[in-house]
Amino acid sequence: MAAWAAAGGVGRRRRVGREGEKRAKERQRRERRRRDREESEGESEAKERKRRTGRREKKREEKKRKKGGVGLEGSPNGEWWLDSIGRTLDEGMTFQRVGSRQLAGLLIGAWARKNHKPHIGDVDAAAIPTGIGRALGNKGAVGLRMRVYDRTVCFVNSHFAAHLEAVNKRNADFDLIYRNLSFSRPSVGIHGAQVGATSVQLHRTVNTNGAHTEHHETTPELSEADLVVFMGDFNYRLHSISYDEAREMVSQRCFDWLREKDQLRAEMKAGKVFQGMREAHIKFPPTYKFQRHTPSLGGYDSGEKKRIPAWCDRILYRDSRSISVAECSLECPVVAAITHYDACMDVTDSDHKPVRCKFRVEIARANELTKRQEYGEIIQSNKTVKSLLNNSKTVPKTLVSMNTIMLQNQEATVLKITNMCESDNVSFRVVCEGQWNNNNNSNSKGGNGNSPDQRSSRGSFGFPLWLEVNPATGMIKRGSTVEIIIRHEDFEKREEYVDGILQNWWFEDIREKEATLFVIITGANSTDFTTHRIHVKHNKTSARG
């Protein structure tokens, strides 16, 4: 009985233990299901948050696109404009794109007819911000510089400070752009890098208070160009006139009267901005500010602010002329004139009206054939120049003691070079044309008697490792002789990497060898040279004897 009771107690303990294990496993399964459910819900929430973020970003980009923001360099909106203009110009067939540059909302692009494209080169681009802190690109300029028929031409698209009272700020924006717009490569070309009488330069600047200050800085890159075209939203307004008066004058097309109120014209007359530049006569209505999608002159701003109409959008230029009347010549190589200047008043997608103009540009070019002919005539007629050129082609006479050298063992052979001239020194240089292996049973590559030895040469003069020449270069005074030691090295030094470690050792090469040396002689005052050919041979039998 006791035994049974004991056995029954053990059985009960075993049953209790099995039930506890089952309950524990069930709890673990429930815990795993709960964690899986929470993780699944977390992933769903994360995906939903990602979808919401994506929708917000998409709406933000769409809003930005609708506002007309072009974004950074190469933005989709900027590329759209370039592609659209290219399609309009039949790009690839009639026109070819020359270059483009973008800074935030500023974009400039240039295209050229295919017949002119071969004469356009050295295209470079630049950008400079003038916004808040002189860092933001909402205001500033982008530019293109190129060489056109060997003359430097620059195009600059600018956006100056806004608001009626910010005249000095606009002047300062121009000054900053003109003086600091920097292209990535130096100005190149036959004439483009020259700064002289053909360039009208700015000699003074205007600070934000309107005071004139003298500057002694480096020459602005734009001043080096033969032709500069400034365009864009300069934001100059009409002063001393009310909104109603301006609207009345516009309706009567009294543009000449309105131009007397133009801030830009007044500042240019005072020499505070766009110094030395010109603008065609304005015969179109003010281009700012309009209500979008409202046609005709009735679209001027009639909202709460009622901004006074103004010619904010302009095109100005400066060519090679230092005076208003000058003919195109090599002294005045680029002469430009505007043949058409108007505004696109039918465009209603913006609060500005685009402006456009056509230039007629004359570029003077020197006839290269004529230049060469005149150069030849000058040389033939000028005895001094002719004598200098003749002397530059004269090499003093030199004498080399031998043209064949037989090397035996390590005995040195002395090669003598004598300067026969009693008036001029000469310089000499000994180089090796090549080396050949005459042992047909050689294990080296190309051992057919005519192939060059593949092993390393000695220094920059090309001597084979078995040949020593000292000195290999030098000066010979007039009437003097220099001795050059030439010897054979029986043991050559070989360098190889073994397991990444540089190893070198000396080995004996008993093959017959040949090399051809050239002694190059140059006069101290000449640009020409003469050569002496020397055949060097190492004889196998002599070396062993």
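Here, the structure is the one placed above.
What counts and how
Residues numbered from 1 in each chain as written. Predicted model: local features only at pLDDT ≥ 70, side-chain atom pairs only at ≥ 80, totals over all residues. Heavy atoms only, no water. Helix = DSSP H or I, 4+ residues; strand = E, 2+ residues; numbered from the N terminus. Buried < 20%, exposed > 50% of the residue type's maximum accessible area, 1.4 Å probe, protein only. Contact = heavy atoms within 4.5 Å. Areas by Shrake-Rupley, 256 points an atom, 1.4 Å probe, with all protein chains shown as cover. Arc of directions from axis to C-beta. Pairing = 2+ DSSP bridges. Axes fitted to C-alpha atoms, helices over the stretch in contact; angles between N-to-C directions. Phe/Tyr/Trp six-rings, centres within 6.5 Å; stacked < 30°, edge-to-face > 60°. Lys NZ or Arg CZ within 6 Å of the ring centre and 35° of its normal. Patch = residues over 30% accessible without salt bridge, like charges linked within 9 Å, V, L, I, M, F, W, Y side chains within 5 Å. Salt bridge = Lys/Arg side-chain N within 4 Å of Asp/Glu carboxyl O.

Visitor: Can you walk me through the overall build of the protein chain in this structure?
Guide: A tally of helices and strands in the protein chain yields 9 helices and 24 strands. Counting all 545 residues of the protein chain, 37% fall into the buried class. Of all intrachain contacts in the protein chain linking residues separated by at least 6 positions in sequence, the fraction that spans at least 24 positions is 65%. Of the roughly 32100 Å² of accessible surface on the protein chain, a fraction of 50% belongs to carbon and sulfur atoms.

Visitor: Is there a simple way to explain helix H4 (residues 243–251) in this structure?
Guide: It helps to recall that an α-helix has 3.6 residues per turn; residues three or four apart then point in one direction. Burial in H4 covers these residues: Tyr 243, Ala 246 and Val 250. Projected down its long axis, H4 shows its buried positions confined to an angular sector of 65°, all on one face. The exposed residues of H4 that point more than 90 degrees off its buried face are Asp 244 and Ser 251. The inward-facing, buried residues of H4 contact helix H5 (255–259). Positive backbone phi, approximately 55°, marks Arg 253, located one or two places after H4.

Visitor: Please clarify how the environment of Val 519 should be interpreted in this entry.
Guide: Topologically, Val 519 is positioned in strand S23 (residues 513–523). With relative accessibility at 0%, the residue Val 519 sits in the buried group. In sequence terms Val 519 and Thr 530 are 11 residues apart; their C-alpha atoms lie 8.3 Å from each other. In this structure, Val 519 is in contact with Leu 415, Ile 417, Arg 429, Val 430, Thr 530, Thr 531, His 532 and Ile 534, ignoring residues within four places of it in sequence.

Visitor: How should I be thinking about the sheet that holds strand S20 (residues 481–488) in this particular structure?
Guide: Picture the strands of a sheet paired through backbone hydrogen bonds; they go either parallel or antiparallel. Spatial ordering of the open sheet is given by S12-S14-S20-S18, a layout of 4 strands whose pairing is antiparallel. With one partner strand each, in any of the chains shown, strand S12 (398–400) and strand S18 (467–470) form the two edges of the open sheet. For this sheet, the mean angle separating the axes of adjacent strands, direction not counted, is 20°. By the bridge criterion, 6 bridges tie strand S14 (residues 413–419) to S20 in an arrangement that is antiparallel. The partner of Ile 417 across the bridge, within S20, is Val 482.

Visitor: Which parts of the structure should I look at to understand the pairing of strand S10 (residues 334–343)?
Guide: On a regular strand, each side chain points to the face opposite its neighbour's, so the side chains alternate between the two faces of the sheet. Taken across its 10 residues, S10 has 7 buried, putting it largely inside the fold. Pairing between S10 and strand S11 (residues 355–363): 9 bridges, direction antiparallel. Bridge assignment links Tyr 341 to a residue of S11, and that residue is Cys 357.

Visitor: Explain the pairing of strand S4 (residues 140–148) to me, please; I cannot follow it from the model alone.
Guide: Most of S4 sits inside the fold, with 8 of its 9 residues counted as buried. Examined bridge by bridge, strand S3 (residues 120–129) and S4 share 8 bridges and lie antiparallel to one another. By the bridge assignment, Ala 126 is partnered in S4 with Gly 143. Of the strand pairs in this sheet, S4 and strand S5 (residues 151–159) are connected by 9 bridges, and their pairing is antiparallel. From the neighbouring strand, Ala 141 faces S5, where its bridge partner is Ser 158.

Visitor: Quick question: what am I supposed to make of the sheet that holds S5 here?
Guide: If you trace the 5 strands from one edge of the open sheet to the other, you get S3-S4-S5-S8-S9, paired in mixed fashion. A single partner strand is all that each edge strand has here, and the edge strands are S3 and strand S9 (313–318). Within the sheet, the average angular offset between the axes of one strand and its neighbour, ignoring direction, is 15°. Across 7 bridges, the pairing between S5 and strand S8 (residues 227–233) is parallel. Note on S8: the bridge partner recorded for His 159 is Asp 233.

Visitor: What is the right way to look at the packing of aromatic side chains in this model?
Guide: Remark: the centre distance and the inter-plane angle together describe each pair of aromatic rings, the angle taken between the planes. Within this structure, the stated rule accounts for 12 aromatic pairs. Their ring planes at 40° and their centres at 4.3 Å tell us that Phe 174 and Phe 274 sit as a pair that is tilted. A residue pair is termed long-range when its members are at least 10 positions apart, and Phe 174 in helix H3 (residues 167–180) and Phe 274 in the loop between helix H6 (263–269) and S9 qualify at 100 residues. Ring pairs connect the aromatic residues Phe 160, Phe 174, Tyr 178, Phe 230, Phe 234 and Phe 274, which therefore count as one cluster. Between Lys 353 and the ring centre of Phe 290, over which it is positioned, the NZ or CZ distance is 4.5 Å.

Visitor: Sorry, what's going on with a nonpolar patch on the surface here?
Guide: A cluster of nonpolar side chains, namely Trp 80, Trp 81 and Ile 85, defines an oily patch on the protein surface of about 320 Å² accessible area. Relative to the assigned elements, Trp 81 resides in helix H2 (residues 76–88). Classification of Trp 81 as partly exposed rests on a relative accessible area of 44%.

Visitor: Help me understand unusual backbone geometry, please; the structure alone is not making it clear to me.
Guide: Leaving glycine out, the prevailing phi sign among residues is negative, and the prevailing peptide bond configuration is trans. That bond from Tyr 288 to Lys 289 is cis: its omega, -5°, falls within 30 degrees of zero. Looking at where Lys 289 falls in the secondary structure, it is placed in the loop between H6 and S9. Although it is not a glycine, Asp 90 sits at a positive phi angle of roughly 60°. Along the chain, the position of Asp 90 falls in the loop between H2 and strand S1 (95–103). Since its relative accessible area comes to 37%, Asp 90 is described here as partly exposed. Positive phi, close to 55°, is recorded for Ser 240, a residue that is not glycine. Take Ser 240: it is sitting in the loop between S8 and H4. Taking the relative accessible area as the measure of exposure, Ser 240 reaches 61% and is therefore exposed.

None of this, on its own, says anything about what the molecule does.
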